[in-house]
Each structure stands twice: as structure tokens, then as C-alpha cells.
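If you want the building blocks of each chain, they are given just below.
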There are 2 protein chains.
Amino acid sequence: MTTAPWDFGIQKELKMVEARLHEMVRSPEKVLNEASLHVIDAGGKRLRPTVTILTYKALGGSDVKKAVEIAAGFELIHSATLIHDDINDGGSTRRGRETVYKKYGLHNAVVTGDFLFAKAFRIGGVFDEVVVQTTADACAALAEGEIIQNRYRHKPDLTIDTYLKVAEYKTAQPIRAGAMVGAYLAGGSSEQVQALGNYGLDLGIAFQIIDDVLDFTGDEKKTGKVAGNDLKEGNLTLPSLLAMKDSPEIRNALLAVISKATPSHEDVRKCARLVIKSGAIDKAKGMGEYYGMEALGHLGCLANNEYSRGLRELVKRVLDRDS
Amino acid sequence: MTTAPWDFGIQKELKMVEARLHEMVRSPEKVLNEASLHVIDAGGKRLRPTVTILTYKALGGSDVKKAVEIAAGFELIHSATLIHDDINDGGSTRRGRETVYKKYGLHNAVVTGDFLFAKAFRIGGVFDEVVVQTTADACAALAEGEIIQNRYRHKPDLTIDTYLKVAEYKTAQPIRAGAMVGAYLAGGSSEQVQALGNYGLDLGIAFQIIDDVLDFTGDEKKTGKVAGNDLKEGNLTLPSLLAMKDSPEIRNALLAVISKATPSHEDVRKCARLVIKSGAIDKAKGMGEYYGMEALGHLGCLANNEYSRGLRELVKRVLDRDS
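Residues numbered from 1 in each chain as written. Chains lettered and ligands numbered in written order. Predicted model: local features only at pLDDT ≥ 70, side-chain atom pairs only at ≥ 80, totals over all residues.

Engineer: Explain the overall build of chain A to me, please; I cannot follow it from the model alone.
Structural biologist: For chain A, the count of helices and strands is 15 helices and two strands. Its C-alpha atoms give chain A a radius of gyration of 19 Å, near enough to 20 Å, the size a compact globule of 323 residues would have. Seen along its three principal axes, the alpha-carbon backbone of chain A occupies a region of about 55 × 50 × 30 Å. A burial count over chain A gives 58% of its 323 residues as buried. Considering only contacts in chain A between residues 6 or more positions apart, those separated by 24 or more positions represent 75%. (Helix = DSSP H or I, 4+ residues; strand = E, 2+ residues; numbered from the N terminus. Rg over C-alpha atoms; globule rule 2.2 N^0.38 Å. Buried ≥ 20, exposed ≤ 12 C-beta atoms within 10 Å, placed from the backbone. Contact = placed C-beta atoms within 7 Å.)

This is the structure:
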């Protein structure tokens, strides 16, 4: 079973989320259950449940079951989008495991994603309009982010602005929704709900930036991904964009690689080394730090307690992580 | 714009559903909007909105907007599953048009389906737990039906019982949910909600049986499908199963065709003719009539009004349709 790599006094709640996830994906159809658990048990960081539970508890929410329920809902949506995303990327591994797409085939991957959406939708029914609409809007934004990202795949004209927009839509908006819903359910004021939403948004962008940095620098054994995987799949991300900005040579080399459907392993490695040597990794980390500081800046509305300290500490962990 | 092929005094509501569907699928991402409308405007029969609105009005529901809203939600779910289903079937046409999968590609088809689910989910937020859970459970059943159907694709051992189970899960359960929700929102008693759910279930199975009959006998210009398409895709349906039951020769011929990934056009046509000549079409229609009668049998709990008459008439139209 997955364990979050951090402990902010919510281990009990996170364990309840795990149990709830396992319960929700039961099905008489074995493949639905297995393919769901293949993703759920693959060692995710449980960032989304962590954010939702911490915001809920930081604002004094006391109905643990409620927080667990909605946190499980966000993780189900996340799992569904991972499965569908891997179809789109043609990715063969995720978190060091075969993707559902590779292991169970296209049909099962499409249907298992839909099954997980339905299960998340079911959880949403217990909550009111604000919760459901906030979550649904984040899901629609996620789809829009996917479309934008795909439009620029294998193409030379992605800007840093558009990169940040994709990070916002695909990663940060769902985390924002989770933070807002946690704050709302705890009875936070509308200012607090907004502030925690902004926290989630900035934290989510920082998280995505570090993810894209680790794609270049991460230990393959820890990240479960081959270095330079984004380039291999035809996607420019922040480190590449920063490296290209200052060097026409790097720009030419990177564009040559991402324009190919299947670039050679050697070309990908060469480009990854160019990006690393350019100093762009530190610049990208610097931008991650910036979003992390912005995230912290939104927490002034919270009382100082174990959970608000957890939200602060979470920013640090997201920035310092090595997998 | 699509027009339902029937008029039961709810043309105004169905027009409102169309407007709502168009509104819901707006997106700054053009492809999401276009791919959504490609399915929504493709000439569907609007069976699901018709059932929901008729049950609502038959039980005296008077808040038209409420019925329209939930009816649009069910049609969005249906559209999402059509798009994802076409990916799985590898189908290149639907309702005489290219599928979203063929026209916009795998990535856009997966994401547009998810986008439509998110939009349906958003509509659900306005309603209470009963509505959302009834709908979500139907979506999960739909996924299970897909899995079962796929398990038997290209395989010889599908039974009529399993065929009926797939028809129930894939087609009839969502229609059942729409009927139950319509009745529930109108303030029907729990007996009425159950009875109308059973109506929807039997109507849905009858609808699927006739769909499968039309796959053999339908005018290609009207159905937008090539005759024998199910066999071509490796799926046995009720007419084939009934024809095989009484004739080892037909059984051998059909199993030879469905076991192939891409059977020849001529072999498919030959098998379709064998099924038609065997008398299995009339038997399948007879089973459709049976489910139609069962559906009518559940309507005793309704007062006699324009809309309850509409629900009766709908059974007849579903059985008599030629496209």
C-alpha cells in the first residue's frame, strides 16, 4: 500500500483514504479492480489528499470522515487522469511500473479511467453544489490543459507562459480545487477559501516545475522514469525552455529531438546533458522557489497549528523532493 | 441540430436540452467544443432526455428547468461514452458520420470524453445525493458492461444470458437511472420511482435488441451503419445467437467470421444473410416485444395524462423504429 512520504499528523486520515480507495474500486469485473489498484497502489505521493485533509484540519474541521471521503474523491480523479494520460503519451512506464495502457490494453485503460471518474462522481453526491462545481470545473480545466499540451507536442513554439498555463490547468487547478473544498467544508470564510485555493494553485505549479526538473536530474530508480523522458515524448518543459532561450545551439538540438516521433536514446541523452550543463535546472528550481514562496504567502489567514505548519512544511517538501 | 423523432408534448423541453448541451460544451479549446458537438449534433434520438422529461412530467413535475438540466446531464454522459466506445470498437463511422476517434484522433477522443463527463458531473452538483449516486452507479455499471462485452469479443462462448446482461449494463441501466431520477425529482413515491426504474430497464433492453436487429436489417442510409457491422467487429448479438442456436452450419460460419480481426466484406455479408434467412430476426424482435410489454406493465402506477401516454407510445416507437 502507498504511504505518503511525509507525516504532518494526518497519517491516520491518509490510511483511511487508502482504505476508502480500495473499497471504492471493488468490482465484479476483476480487470477493473486490478487495473484501478495497479495505479492506486503504485506509490503515489498522495499530494492531493494531503492538501485537502491539511486545509480541512488547519481550519478546525473535525468530521474526519468527511475530509477522508472528499480526499479519496480527488485521488480517484487523479488516478483516472493518469490512466488516460498514459494512453495519450503512449508512455510505457509510470512510477517504475508498466502503465495500465501497456499492461491491460487500450480498451481496459479507457474504461478503467471512466470507472474511476464514475466512482469519484459518486463521492461528490454527498456534498453540496459548491464542492461538486469546484471539482467539476477543475476536471474540465484539466481536459483543456491536456489539449493545449498536446497541441504543442513535437512543435517548436511553446512559450514559458503557455508552459505555465498547462501546468496550471493540468496539475495546479485540481490541487487548488482540493484546497478550496477542504477549506470550505471546514467552514472557512470565503477569504480563507480563496486564499487556500491560491495556495493550492501556487503549490501545484511549484510541484509541476519540480516534476519537470526531476525528469532531467532525477535518479531513475527513485523517479521510475527514464531521464529526458519529456523530450523523448516530444514535450518541452521549463528546463528545456530556459536552456533554449539563451542558446541557439541548444535550441536547434532540442527542436530536432522533439520534432521526431521516436528520437534515438543517444540524442535524448545528449540533449538532457545540454540542458543540465546550461544552468537551466537551477533557473527552473528558482522559479519553483518563487511559486513556493507565493504559496506560503497565502497562508497568513490561518491560525498557527499543527496542520497549518503542515501546509508550510509541505511546500518545502515539494521543492526539496528527489522523486 | 438534432430533433427527436417523436413528439410527446415535450418538444419545448427537448429544445431547451439542445440549447443547454450547446452551452455546456463551450470551451476556449476549439477542438473540445467541435469534437463534443460532432457527437451531440450527429442526429441522436435523444431517448435518454425523452425518458427523463416524460417521467418527470408524467408524475406532475412542474419545474421544467430542473428536468431539462438533468436530462442534459444524462445526454452528456451518453455522448461521452459513445466517444470512448468508438475508440474501443475501432469504429470509423457512427450515425453515418466519422467517429470522433477517426476525425480528431485518439488523444482528442479520450480527452473530449473526459471533458463531457466533467460537464455532466457539474450538472449533478445541483441535485441531491440520491440523484448523483443513482447516476454514478449507472456509469460504473456501464463500464462493467463494456468490460464484459469486450471479454467476449472475437470469442465463441457468449450466451444469451450474458448478452442480456451486457445490454442491461451498457444501455438499460443508464436509461433506468434517467427514469428513476425523473420520477424522484417530480416527487414520486418510492414505489413509483422503482416502477419507473423498471420501465427504463425494460425499455432499454428492448431498445438494444432492436438496435442489434437493425444492424442486420436496417437501411444503411437510415442507420448510418454498414449491415453486419457487429459481426465485422467480432461481436455476437441476439440475432446471431438465436440463429446459431438452431444450426451448427450457421454457428460455424459466424464463429469463423467473428474470430477474425478483419473478416472480408463478403464473409460478413454472407453471414448476415444466413442470420436473416434463419428466422432469427423475427425471434429477436419477439424478445424485444417481450421486454416492451414488461416495460408497459410497470406504468400502472401512473395517472393517465399526456406524458404517461407518451411513455407508452415511446415503447411502441422504440420497437417499430427503422433507424
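Now that the structure is up, let's keep going.
Engineer: What exactly am I supposed to notice about the relation of the copies chain A and chain B here?
Structural biologist: Two copies of one chain are present, and they are related through a rotation about an axis combined with an axial shift. The transform that puts chain A on chain B rotates by 180° and translates by 0.0 Å along the axis, for an RMSD of 0.0 Å. Each copy turns onto its partner about a two-fold axis. A symmetric contact is evident, with 100% of the interface residues of chain A recurring at the interface of chain B. (Least-squares fit on C-alpha atoms with pLDDT ≥ 70 in both.)

Engineer: I keep staring at the packing of helix H11 (residues 238-245) of chain B against helix H12 (residues 248-258) of chain B and nothing clicks. Help me out?
Structural biologist: To characterise two packed helices, one gives the angle between the axes of the helices and the distance between these axes. Residues and elements named next belong to chain B. Two elements in contact, H11 and H12, have axes separated by 6 Å at closest approach and are oriented at 140°. Viewed along their axes, H11 and H12 adopt a mutual orientation that is oblique. Residues Ser-240, Ala-243 and Met-244 of H11 touch H12, and the partners they reach there are Ile-250, Arg-251 and Leu-254. Broken down by class, the residue content of the contact of H11 with H12 amounts to four nonpolar, one polar and one charged. (Axes fitted to C-alpha atoms, helices over the stretch in contact; angles between N-to-C directions. Parallel < 35°, antiparallel > 145°, perpendicular 65-115°, else oblique. Nonpolar A, V, L, I, M, F, W, Y, C, P; charged D, E, K, R; others polar.)

Engineer: Mind showing me how you'd approach the nonpolar core here?
Structural biologist: Grouped burial of nonpolar side chains is what soluble globular proteins tend to show. In this structure, A:Ala206 and B:Ala206 are the most contacted members of the largest nonpolar core, which totals 221 residues. For A:Ala206, the residues in contact, after removing those within four places along its chain, are A:Gly288, A:Tyr291, A:Gly292, A:Ala295, A:Val318 and A:Leu319. (Core = buried A, V, L, I, M, F, W, Y, C linked by C-beta atoms within 7 Å.)

Engineer: What am I meant to see in the interface of chain A and chain B here?
Structural biologist: Each partner contributes to the interface: chain A provides 34 residues, whereas chain B provides 35 residues. Elements with a contribution of two residues or more to the side of chain A that touches chain B: helix H2 (30-40), helix H4 (64-89), helix H5 (100-124) and helix H6 (129-152) of chain A. Considering each element in turn, the side of chain A that touches chain B owes the most residues, 13 residues, to H6(A). Looking at side-chain class alone, the side of chain A that touches chain B contains 18 nonpolar, eight polar and eight charged residues.

Engineer: Can you help me understand helix H4 (residues 64-89) of chain B in this one?
Structural biologist: Residues three or four positions apart in an α-helix share a direction because the helix packs 3.6 residues into each turn. Taking 1.5 Å of rise per residue, 26 residues should cover 38 Å, and H4(B) covers 37 Å from first to last C-alpha, within 8% of that figure. With 23 of 26 residues buried, H4(B) lies mostly within the body of the structure. (Expected span 1.5 Å × (residues − 1).)

Engineer: Explain the packing of helix H8 (residues 190-217) of chain A against helix H14 (residues 280-297) of chain A here, please?
Structural biologist: All names here are of chain A. The interhelical angle for the contact between H8 and H14, taken along N-to-C directions, is 160°, at an axis separation of 8 Å. Between H8 and H14, the crossing angle belongs to the class labelled roughly antiparallel. As H8 packs across H14, the resulting crossing turns out to be left-handed. For the pair formed by H8 and H14, the contact residues are Tyr-199, Asp-202, Leu-203, Ile-205, Ala-206, Ile-209, Ile-210, Asp-212, Val-213, Phe-216 and Thr-217 on the first element and Ile-281, Ala-284, Lys-285, Met-287, Gly-288, Tyr-291, Gly-292, Glu-294 and Ala-295 on the second. For the contact of H8 with H14, the residue count by class is 13 nonpolar, three polar and four charged. (Left-handed = near helix turned anticlockwise from the far one by under 90°.)

Engineer: Hey, could you run me through helix H7 (residues 160-185) of chain B in this one?
Structural biologist: Residue and element names in this part refer to chain B. Its 26 residues place the ends of H7 35 Å apart at the C-alpha level, agreeing with the 38 Å of an ideal helix rising 1.5 Å per residue. If you look at H7, its biggest bend is around 50°, right at Ala-172, and the proline Pro-174 turns up within four residues after that. With 20 of 26 residues buried, H7 is to be regarded as a mostly interior element. Immediately beyond the C-terminal end of H7, within one or two residues, lies Gly-187, with a positive phi of roughly 90°. (Bend = angle between axes of the 7 residues up to and from the residue.)

Engineer: Looking at this model, I keep getting lost on unusual backbone geometry. Mind explaining?
Structural biologist: Negative phi is the rule for most residues except glycine; trans is the rule for most peptide bonds. One non-glycine residue, A:His154, lies in the positive phi region at around 65°. Note on placement: A:His154 falls in the loop between H6 and helix H7 (160-185).

Engineer: What should I look at first to understand the environment of A:Val257 in this one?
Structural biologist: All names here are of chain A. Inspection of the secondary structure assignment puts Val-257 in helix H12 (residues 248-258). Look at Val-257 and you get buried, because 23 C-beta atoms sit within 10 Å. Sequence separation of Val-257 and Leu-47 is 210 residues, and the distance between their C-alpha atoms is 32 Å. Excluding residues that lie within four positions of it along the chain, Val-257 makes contacts with Leu-231, Pro-263, Asp-267, Val-268 and Cys-271.

Engineer: I keep staring at the confidence of the model for chain A and nothing clicks. Help me out?
Structural biologist: The share of residues in chain A with pLDDT of 70 or more is 97%, and the mean pLDDT across the chain is 94. Scored as a whole, the predicted complex attains pTM 0.94, and scored at its interfaces, ipTM 0.93. (pLDDT = per-residue confidence, 0-100.)

Engineer: Just checking my understanding: could you explain the environment of A:Thr112 for this structure?
Structural biologist: Residues and elements named next belong to chain A. When you line up the elements, Thr-112 lands in helix H5. Residue Thr-112 is classed as buried on the basis of its 31 C-beta neighbours within 10 Å. When the C-alpha atoms of Thr-112 and Gly-96 are compared, they prove to be 20 Å apart, with 16 residues separating the residues in sequence. Setting aside residues no more than four positions away along its own chain, Thr-112 makes contact with Leu-32, Ala-35, Ser-36, Ile-83 and Val-100.

Engineer: Before we go on, may I ask you to explain the environment of B:Leu311 in this structure?
Structural biologist: Residues and elements named next belong to chain B. On the secondary structure map, Leu-311 appears in helix H15 (residues 306-320). Among the residues examined, Leu-311 registers 25 C-beta atoms within 10 Å and is labelled buried. Ignoring any residue separated from it by four or fewer positions in sequence, one finds Leu-311 in contact with Leu-54, Thr-55, Ala-58, Tyr-199 and Leu-299.

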